[in-house]
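Residues per chain are reported as follows:
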Amino acid sequence: MNPLFASMRRQPLMPWLIGLQIAVACAILCNTLFLLAQQAGPLLIDDGIADKEIIIVDQVLRPDGNWSAAQATAGAQALAHIPGVTRATAVVGAPMRETLTMVYDLKPANGPTVEVSGFLGNHLIDTLGLQLSRGRDFLDDEYSDLQLGDDDAASTTPIIITEALARTLFDGDPVGRTLSGGDDSGHYVVVGVVAHLLRYQLSELDDGKAEHAILLPRRPAGLPLLSFVVRATAQQRDAVIKAIPGVLQDSYRAQMARGFKPVVASYEELRSNGLRQRRAAVWLLLAVNLVVATITLIGIASLSGYWIQQRTRQIGIRRALGATRSQVLRHFLAENLLLTLVGLAIGLVLALLINQWLMQHYELPRLPWTYLLAAGGLMLVLGQAAVAAPAQRAAQLPPASATRNV
């Protein structure tokens, strides 16, 4: 180790510049990689829906009162008779729409309270194309009309949850397990589990909460807005979308708000539009990480190359005294590794401080230690890759030419 420290003591500026660059790059990469994962996570999750077959109908407004359960059912039946439609149902909580939202606080015995999105409607598993992985679907006699205010308060309500939510709330099989509301106002029993279902609150998809969703056996009633999920064959989906506005007009006639056009769109279109900002953020963060990594690679290579060039006489003397090319190469790799480790130690502390600041001012979650390891490993690879070429050139210098270049 003495030759390593001797070189650093003689020319301390270069080691400090290399270590500082590594520290700053590490601090930036730790947090930007974490932000990248936060933004990209929901884009990579299987939303569980038969996306090519689903049409969302939203904002069917009644200006002079609320829609009854019978009117909601009649609208769904009219939509189901459109050629190419296989299923249609009135819902509260349409995928990729936040017009009407139902949020529930669920708490297992001796567990944390978790906020979830509620999807309400008849036979949503078949309509949305969800995969039931455990348990059963709702029975026909379990469905009832939505009662706002005291709904689910008096009795135990069957619910279907996602696999992701099951892992958060329970250890082991969740079927048959019970939950209470956050304020103990409701009681629920899990009767089934679906593999995937993405929340419709697009601002709540981070921190592993993207699939905190449940299905409830409720029919929409007593609401001024109606929403529908229509499932059609993929080949006839576009034709069905064109036919839906006319069917709604025929079904509700003067009851619908004039001059207020309902939203009718494919699920694919709504998902693309709804997640557009998130995709843009992913590309931006990818670019930031790539730029930081590239600048770090070039910076370390340039500083190391200049520092090695300034020690040409030292290299020549070592080669004249019998040092082999591999020994010279290992010397500079070890030297750079030592500087990288020192820079990483400073950079990881700096990354945690930046994360604390982001938590206080932007309500970001705590930086997981896995991202510290990932950024640290990346910086080690970059550091050694950057110094490899300058070190290789130094090792190729013969003793005589190295001495004459002084």
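Rules behind the numbers
Residues numbered from 1 in each chain as written. Predicted model: local features only at pLDDT ≥ 70, side-chain atom pairs only at ≥ 80, totals over all residues. Heavy atoms only, no water. Helix = DSSP H or I, 4+ residues; strand = E, 2+ residues; numbered from the N terminus. Buried < 20%, exposed > 50% of the residue type's maximum accessible area, 1.4 Å probe, protein only. Salt bridge = Lys/Arg side-chain N within 4 Å of Asp/Glu carboxyl O. Phe/Tyr/Trp six-rings, centres within 6.5 Å; stacked < 30°, edge-to-face > 60°. Lys NZ or Arg CZ within 6 Å of the ring centre and 35° of its normal. Contact = heavy atoms within 4.5 Å. Patch = residues over 30% accessible without salt bridge, like charges linked within 9 Å, V, L, I, M, F, W, Y side chains within 5 Å. Areas by Shrake-Rupley, 256 points an atom, 1.4 Å probe, with all protein chains shown as cover. Pairing = 2+ DSSP bridges. Axes fitted to C-alpha atoms, helices over the stretch in contact; angles between N-to-C directions. Parallel < 35°, antiparallel > 145°, perpendicular 65-115°, else oblique. Left-handed = near helix turned anticlockwise from the far one by under 90°. Nonpolar A, V, L, I, M, F, W, Y, C, P; charged D, E, K, R; others polar.

1. Some details on the environment of Gln-147
- Examined against the element boundaries, Gln-147 turns out to sit in the loop between β6 (144-145) and β7 (156-162).
- Judged by relative accessible area, Gln-147 falls into the partly exposed class, the value being 47%.
- On a C-alpha basis, the gap between Gln-147 and Tyr-200 in space is 21 Å, while along the polypeptide they are 53 residues apart.

2. Considering the pattern of salt bridges
- In total, this model carries 15 salt bridges according to the counting rule given.
- Measuring nitrogen to oxygen at the nearest pair gives 3.0 Å for the salt bridge that ties Arg-271 to Asp-47. One end of the pair, Arg-271, is in helix α7 (residues 267-274); the other, Asp-47, is in the loop between α2 (13-44) and β1 (54-61), and 224 residues separate them in sequence. Exposure class is identical for Arg-271 and Asp-47. Each is buried.

3. With respect to the packing of aromatic side chains
- Applying the stated criterion across every chain, the model contains five aromatic pairs.
- Taken together, a centroid distance of 4.5 Å and an interplanar angle of 50 degrees make the contact between Trp-67 and Tyr-252 tilted. Of this pair, Trp-67 sits in the loop between β1 and α3 (69-80) while Tyr-252 sits in helix α6 (residues 237-252), placing them 185 residues apart in sequence.
- Owing to a relative accessible area of 1%, Trp-67 belongs among the buried residues under this scheme.
- Residue classification places Tyr-252 among the buried residues on the basis of a relative accessible area of 4%.
- Taking 5.9 Å as the distance between ring centres and 85 degrees as the angle between the ring planes, the aromatic pair formed by Phe-138 and Tyr-143 counts as edge-to-face. For the pair shown, Phe-138 and Tyr-143 are each scored as buried.
- In this structure, Arg-62 packs its charged tip against the face of Trp-67, placed 5.6 Å from the ring centre.

4. Some words on the side chain of Gln-71
- Turning to its location among the elements, Gln-71 is positioned in helix α3.
- Residues within four places of Gln-71 in sequence aside, it is in contact with Arg-62, Asn-66, Tyr-252 and Gln-255.

5. A closer look at a nonpolar patch on the surface
- A cluster of nonpolar side chains, contributed by Leu-20, Val-24, Ile-28, Leu-284, Val-288, Val-349, Leu-350 and Leu-353, occupies part of the molecular surface with about 660 Å² of accessible area.
- Contributing elements (two or more residues each) for the nonpolar patch: α2, α8 (276-310) and α10 (325-362).

6. Thoughts on the environment of Trp-16
- For Trp-16, the location among the structural elements is in helix α2.
- With a relative accessible area of 62%, Trp-16 lands in the exposed category.
- Placed 381 residues apart in sequence, Trp-16 and Leu-397 show a C-alpha to C-alpha distance of 26 Å.

7. Section: unusual backbone geometry
- Even without being a glycine, Met-96 presents a positive backbone phi close to 65 degrees.
- Here Met-96 is to be found in the loop between β2 (85-92) and β3 (103-107).
- Look at Met-96 and you get buried, because its relative accessible area is 8%.
- For Asn-110, which is not a glycine, the phi torsion comes out positive at approximately 60 degrees.
- Looking at where Asn-110 falls in the secondary structure, it is placed in the loop between β3 and β4 (114-121).
- On the accessibility criterion, Asn-110 (88% relative accessible area) is exposed.

8. Points about the pairing of β2
- Most of β2 sits out of view: six of its eight residues are buried.
- In terms of strand pairing, β2 meets strand β12 (residues 225-232) through six bridges, oriented antiparallel. Within the sheet, the bridge partner assigned to Val-85 lies in β12 and is Ala-232.
- By the bridge criterion, two bridges tie β2 to β4 in an arrangement that is antiparallel. Each bridged residue has a counterpart across the sheet, and for Val-92 the counterpart in β4 is Leu-120.

9. Side note on the packing of α2 against α10
- At a minimum axis separation of 6 Å, α2 and α10 run at an interaxial angle of 40 degrees. Here α10 runs oblique to α2, going by the angle between their axes. For the pair α2 and α10, the crossing hand works out as right-handed.
- Tallied by class, residues from the contact of α2 with α10 come to 15 nonpolar, seven polar and no charged.

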